[in-house]
Each structure stands twice: as structure tokens, then as C-alpha cells.
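Here is how the chains run, residue by residue.
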Amino acid sequence: MSFERGQGRIFDSVESIRMFGTALRKTGRPVVLVPLGEGLHAGHISMIRAARRLPGAVVVVAYAGPDTDHDRLRAEHVDAIFPYVPATLWPRGLRTTVSVASTGGEALTRVLALLGATAATAVMLGEKDFTLVVGVRLAVRDLLMPVAVHSIPIVRMPDGLAMSLRNAEIDPGDRERATAIAAALTAGAHAAEHGAEVVVETVRGVLAAADVQPDYIELRGLDLGPAPDRGDARLFVGVTLGSVELSDNVGLPLGIGFRNIDA
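Quick caveat: nothing in here was measured; it's all calculated off a predicted structure.

About the criteria used
Residues numbered from 1 in each chain as written. Predicted model: local features only at pLDDT ≥ 70, side-chain atom pairs only at ≥ 80, totals over all residues. Heavy atoms only, no water. Helix = DSSP H or I, 4+ residues; strand = E, 2+ residues; numbered from the N terminus. Expected span 1.5 Å × (residues − 1). Buried < 20%, exposed > 50% of the residue type's maximum accessible area, 1.4 Å probe, protein only. Core = buried A, V, L, I, M, F, W, Y, C linked by side-chain atoms within 4.5 Å. Contact = heavy atoms within 4.5 Å. 1 Å grid on protein atoms, 1.4 Å probe; cavity = no way out; pocket = protein on both sides within 12 Å on 5 of 7 lines; lining within 4 Å. Points joined across faces, edges and corners; volume = space filled by probe spheres on them.

This part covers helix α6 (residues 130-142). Look at α6: 18 Å from first C-alpha to last across 13 residues, which is about the 18 Å you get at 1.5 Å a residue. Counting buried residues along α6, ten of its 13 residues qualify, which places the element largely inside the surrounding structure. Taken together, the buried positions of α6 are Phe130, Thr131, Leu132, Val133, Val134, Gly135, Val136, Leu138, Ala139 and Val140. Positive phi appears at Leu144, one or two residues downstream of α6, with a value of about 55°.

Right under this line is the structure:
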């Protein structure tokens, strides 16, 4: 199958994008899916650029946002754009959902459906939604799908807030308090060598100093199970400011600390 690389060709049906992906797989080319929702920000662009860096990759962006964003996607030299809405994927409605670990529902099911629709061999996901990353990894493994799952670090604004469509909804009056979330995560990560209890206390203290009441502070293992006493873990914080529910997370070496990693 011949096509021009980096032209952002539009495929507007499951049948057409599947034919495209399947044909490219037969040539041995990796087909890398970047599944996006209804808006674009720098975090999404970083996922696309990471996909393009994979050797020989054909990059397919599945995008549920407006057609007016297609030129911005083409500016990143993607190979294919698959515009979709739920009815594109499930014309008879969503009748099957997948749930693994602590995540599931439509978000996880949508990524798996897009993998099937595009015949992708790899997928790029952002660590801003770390639970989705883990859910996709577990589902791909347990369903014996030949797909590599790549996660991209969180892209942050200069004030520390994670790039997120939801974060863009924060009231200007709450902006300074919102930055305490990233500050609390950073402080908690640097307290990692002292154990889980100190990490949580540190996070809670930083948020309290900014007059921020957390909805939750959780330490989990990288599989979203219980955090280890010693080893890699993930720290999650959720906060509601006004009507906006914010969430963020960071990895940390629990019981070890960054200063002792090479010791």
C-alpha cells in the first residue's frame, strides 16, 4: 500500500482505518496509535512526537475533537487522522465494557476499541491518567493482544500544573491554590526514603499550608495494588476547587529516596 508519509490523511470510518492499518502491518511497519479526546494541548503533542520517534513508525491519531484542529495535527507530520465519536465505534451503543485493576469503563474500553479499529501495534498514552496506562497494559497482556504500550511523562506548565483540559477550567482566583498540588507531590516524592506515612503527611501538610483540602491522597504500586514498603510506587492526589475536580500523580522510590537510588 503506497501513501505519502506525514500528510495526515483522513480516514472517517472504522472500515477504512482498519484497512489502512492492516495493510501497513503486512509490510512490517509499526502502526502507532495516539488516542486523543476532544481537545489538544502540549501534553498531547508530546505523545505524537514520541510516537514519531519510534523507528519506522506510522503514526495514527484518533481524535474526537473538532475538524478545525486537523491542520494542527498535520503540522506534527502524522500519517493518518481518524476522527471519531462514540457512534463511530459503537453504532449500536456501548454494550461491552472492560475493567481491570482500579480502572475501567468507557475510557479503557475506548482505547481497546481504537486499537482494534486501527490495527495498531503500539499505543502512546500520557501518565497524567496513570490508571488508564496501567489498565491498558493489563488488558493488552491479559487479552493476549500483540500491542506495545508506551507511557509519556506528564507535561507541566511553568507553575507546575499538569497540562490538562480540566486544569484549563480552573477559576483564575483558584489558580495559585491549584499549584499547591504539584508542590505537594514534589515534596512527597522527596520524602520517599522515609516511608509511606511520612510521604502522605508531607503531602497533606503542603496542601494545608495552601488552604487546600484533598479529596484523596493515595500511594499505590505500579500495578495500582498496594504500595511496596521499599521500591517504585505512584503517589496520587485529588482536589476539588470550585466545580473542577483536579487530579495529579508522580512516581517515587518509596523507602529508598532519590538520593539512595544508586547506593
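Attention now goes to the nonpolar core. Counting residues in each nonpolar core, the largest one holds 38 residues, and the members touching the most others are Ile17, Phe20, Phe82, Leu115, Val123 and Val136. Of all the secondary structure elements, the ones that give two or more residues to this core are α1 (14-26), β2 (31-35), β3 (58-63), β4 (80-83), α5 (106-118), β7 (122-126) and α6. Sort the elements by how many residues they give to this core and α6 lands first, with eight residues. Filtering out sequence-adjacent residues up to four positions away, Leu115 remains in contact with Leu33, Ala120, Ala122, Val123, Val140, Met145 and Val147. Membership of the second largest hydrophobic core comes to 26 residues, among which are Leu161, Ile170, Leu207 and Ile217.

Right, let's talk about unusual backbone geometry for a bit. Of note, Leu144 is a non-glycine position whose phi angle comes to about 55°, a positive value. Within the secondary structure layout, Leu144 lies in the loop between α6 and β8 (148-152). Judged by relative accessible area, Leu144 falls into the exposed class, the value being 74%. Even without being a glycine, Leu224 presents a positive backbone phi close to 75°.

A separate point is the environment of Ile152. Within the secondary structure, Ile152 is located in strand β8. Considering only alpha carbons, one finds Ile152 and Gly8, 144 residues apart in sequence, at a separation of 22 Å. If near-sequence neighbours (up to four positions away) are discounted, Ile152 is found in contact with Ser46, Met47, Ala50, Met124, Leu125, Gly126 and Glu127.

So, about the layout of surface pockets. Rolled over the atoms, a probe sized like a water molecule indicates the empty space that remains. When its volume is computed, the largest pocket comes out at roughly 1400 Å³. Residue lining of the largest pocket: 48 residues in total, with Lys128, Asp129, Leu132, Ser164 and Arg166 positioned closest to the centre. Elements that contribute at least two residues to the lining of the largest pocket include exactly α2 (42-52), α4 (86-89), α5, β7, α6, β9 (214-221), β10 (231-241) and β11 (244-254).

Everything listed is a geometric property; what it means functionally is a separate question.
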